[in-house]
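Below are the chains, spelled out letter by letter.
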2 protein chains.
Amino acid sequence: MKSDHIPRATIKRLAMYVQVLESFKREGTQVVSSELLARTCNVNPSQIRKDLAYFGEFGVRGVGYHVQDLITAIKRSLGVDRMWKCALVGVGNLGKALLRHREFKYRGFDIVAAFDCDPFKIGEEVIGLEVVCTRRLKETARELDIEIGLITTPPDRAQRAANFLAEAGIKGIINFAPARITVPSDVHVEYVDFFHHLYAVSFSITLDQRPKTQPAAV
Amino acid sequence: MKSDHIPRATIKRLAMYVQVLESFKREGTQVVSSELLARTCNVNPSQIRKDLAYFGEFGVRGVGYHVQDLITAIKRSLGVDRMWKCALVGVGNLGKALLRHREFKYRGFDIVAAFDCDPFKIGEEVIGLEVVCTRRLKETARELDIEIGLITTPPDRAQRAANFLAEAGIKGIINFAPARITVPSDVHVEYVDFFHHLYAVSFSITLDQRPKTQPAAV
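Residues numbered from 1 in each chain as written. Chains lettered and ligands numbered in written order. Predicted model: local features only at pLDDT ≥ 70, side-chain atom pairs only at ≥ 80, totals over all residues. Heavy atoms only, no water.

**What about the domain arrangement of chain A?**
Residue and element names in this part refer to chain A.
Link 1 in the chain: Partitioning chain A into structural domains gives domain 1 (8-77) and domain 2 (84-196).
Link 2 in the chain: Facing the five residues of domain 1 at the interface are four residues of domain 2.
Link 3 in the chain: Across the domain 1/domain 2 interface, buried area totals approximately 450 Å², and carbon plus sulfur atoms make up 25% of it.
Link 4 in the chain: Scanning the region where domain 1 abuts domain 2 turns up one salt bridge.
Link 5 in the chain: A salt bridge links E103 to R26; its shortest N-O distance comes to 3.6 Å.
Link 6 in the chain: For the pair domain 1 and domain 2, the number of links is one residue pair in polar contact (both at pLDDT 80 or more). (Domains from an automatic or database assignment. Contact = heavy atoms within 4.5 Å. Buried area = accessible area lost by both parts, 1.4 Å probe. Salt bridge = Lys/Arg side-chain N within 4 Å of Asp/Glu carboxyl O. Polar contact = N/O pair within 3.5 Å; in protein donor to acceptor, adjacent residues only side chain to side chain.)

See the structure below:
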């Protein structure tokens, strides 16, 4: 991730702040104190102030943050204050769930094309979107100005999907398939891996359940 | 996350190592060099050695790591060398996709119960699992010895789902809903948020597209 001035951990927290701020907004809250924002996000207030300092001065002393202004400022800084056109490759269960997930469009990511190589799926409609043969990805992606690709294929098809996306000139890939992929250096890849969350939770439970004075032999 | 001796970033990488090692195993590879493992994971070899040092000595100098031994050792250390019984709350599109996702069981997480509060969904079968009313979560979870809950409800239902799970004595929650939840201090929560990945990718693309000598006014 060359030329990425904002650390990845910060981007992760900024995404969380936006999520929390959006829910404050839905509830009609216009101003939020940094303490409440911090508590809701389970982050300490000084961390929030530090994260927001990347974008200049925010917040009014003694008042807090203007919810809408802060959402706008974070989104603008991250380049997500506009719609990004996305294509999804692999219309299986997860792919269909993502196509139907309202949050994507709401958050600025519009999935405008869906691809699959299964002849039984090609031509099928999912929420009004016709599944297109993956071989036509390049022309379709260029026609529709697609910028981000979501891979939801089985693991052994992920690399092939990545190749098609890269050949179409797409510079950002979110890989939901449980497989590593190789792409040209100017393509940015993010891996969505549910399992480290499951590992983290089961590890924590395991530790809690271990007897405090653990016998050396265990 | 009290009593968590292994840093969270390490757990994330360990989950990735397991994923990559499992794919080596599927291809029939028995021994892998730390260089190849590092390259496939896009991590430097010294980082891998450091991560694995949490669990003692691994690897044979000049040979590499025994794939199966390393998988076993990492899984044992994280407490994921056994099946964990999971319950899913919220049988919408994402919930159904996760119920049908083969990787969960393969990775040691067996979703044995599915709950929803929608009368039209209760009684429905998804891959042989009958959707049960969320009000019956407590008794069902205890009957089935459920240890981990997956929340896939809409955001405004996530807290209610978390309450039901906590009341049932479940100590681990993976929240896929785009909402923060509050739970008793002995319950471990992990948030699965797709959007920070989308933010990271669009931010990187935006940076790449900005002119190198950026006018001060932009």
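**Looking at the UniProt feature "binding site: NAD(+)" (unreviewed entry) in chain A**
All names here are of chain A.
Link 1 in the chain: Within this structure's numbering, the places UniProt gives as "binding site: NAD(+)" (unreviewed entry) are G90, V91, G92, N93, L94 and G95.
Link 2 in the chain: Here G92 is to be found in the loop between β3 (84-89) and α5 (93-100).
Link 3 in the chain: Beyond its immediate sequence surroundings of up to four residues, G92 is in contact with D116 and K121.
Link 4 in the chain: Tracing the backbone through its elements, the reader meets G95 in helix α5.
Link 5 in the chain: Not counting the four nearest positions on each side in its chain, G95 is found in contact with L88, G90 and T152. (UniProt positions renumbered as here; feature names shortened; annotations may be inferred. Helix = DSSP H or I, 4+ residues; strand = E, 2+ residues; numbered from the N terminus.)

**Describing helix α4 (residues 67-78) of chain A**
Link 1 in the chain: Counted at 1.5 Å a residue, the expected span for α4(A) with its 12 residues is 16 Å, and the 17 Å between its end C-alpha atoms agrees.
Link 2 in the chain: Here α4(A) has its buried residues at V67(A), L70(A), I71(A), A73(A), I74(A), K75(A), S77(A) and L78(A).
Link 3 in the chain: Where α4(A) is buried, its residues touch α1 (8-26), β1 (31-32), α2 (34-41), α3 (45-52) and β2 (65-66) of chain A together with α9 (195-209) of chain B.
Link 4 in the chain: One or two positions beyond α4(A), positive phi appears at G79(A), with a value near 75°. (Expected span 1.5 Å × (residues − 1). Buried < 20%, exposed > 50% of the residue type's maximum accessible area, 1.4 Å probe, protein only.)

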